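These are the residues of each chain, in order.
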Amino acid sequence: MDVKRVKDYLYWLYYQYQLVTCSYVLEPWEQSMFHTITVTVLAMVVYTAYVFVPIHVRLALEFFSQIFGPRAESAV
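Given the structure is predicted, the values throughout are model-derived calculations rather than measurements.

A. Representation of the overall build of the protein in the model. When helices and strands are counted, the protein shows two helices and zero strands. For 76 residues, the compact-globule formula gives about 11 Å, and the C-alpha radius of gyration of the protein, at 24 Å, lies well above that figure. Reported as C-alpha extents along the three principal axes, the dimensions of the protein are approximately 75 × 35 × 20 Å. Per-residue burial for the protein yields a buried fraction of 7% across its 76 residues.

Spelled out as structure tokens, the structure:
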């Protein structure tokens, strides 16, 4: 991979991020505060999903397996 292309692509992604969040109009200290809060919130969402989603999926599977679980076969 060409290093210049990767660098340009990352710069383009950062530019898109600034356009979507309108953070390019902020002062430098406001940008740093905004980015810090955004990264913190994103990290908390990822951590929460990593910890709690598997537990809820397991509980949902247990619940639905009890409802739609194997049924007794009728005598033929």
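B. Spatial organisation of the UniProt feature "transmembrane region" (unreviewed entry) in the protein. UniProt tags residues 32-53 as "transmembrane region" (unreviewed entry). Annotated as residues 32-53, this span is 100% helix and 0% strand, and its ends, taken at the C-alpha atoms, are 31 Å apart.

C. Local environment of the side chain of His35. Structurally, His35 can be placed in helix 2 (residues 28-67). The class for His35 is buried, based on a relative accessible area of 18%. Beyond its immediate stretch of four places on either side in the chain, His35 contacts Tyr14, Tyr17 and Ser23.

D. Highlighting the pattern of salt bridges. Throughout the structure, instances matching the rule amount to two salt bridges. Between Lys4 and Asp8 there is a salt bridge, with its nearest N and O atoms 3.3 Å apart. One end of the pair, Lys4, and the other, Asp8, are both in helix 1 (residues 3-21), four residues apart, so they sit about a helical turn from each other. Arg58 serves as the salt-bridge partner of Glu62, at 3.0 Å between the closest nitrogen and oxygen. Of this pair, Glu62 and Arg58 are both found in helix 2, four residues apart, which corresponds to roughly one turn of the helix. On the basis of relative accessibility, which here comes to 39%, the residue Glu62 falls in the partly exposed class.

What counts, and at which threshold
Residues numbered from 1 in each chain as written. Predicted model: local features only at pLDDT ≥ 70, side-chain atom pairs only at ≥ 80, totals over all residues. Heavy atoms only, no water. Helix = DSSP H or I, 4+ residues; strand = E, 2+ residues; numbered from the N terminus. Rg over C-alpha atoms; globule rule 2.2 N^0.38 Å. Buried < 20%, exposed > 50% of the residue type's maximum accessible area, 1.4 Å probe, protein only. UniProt positions renumbered as here; feature names shortened; annotations may be inferred. Contact = heavy atoms within 4.5 Å. Salt bridge = Lys/Arg side-chain N within 4 Å of Asp/Glu carboxyl O.

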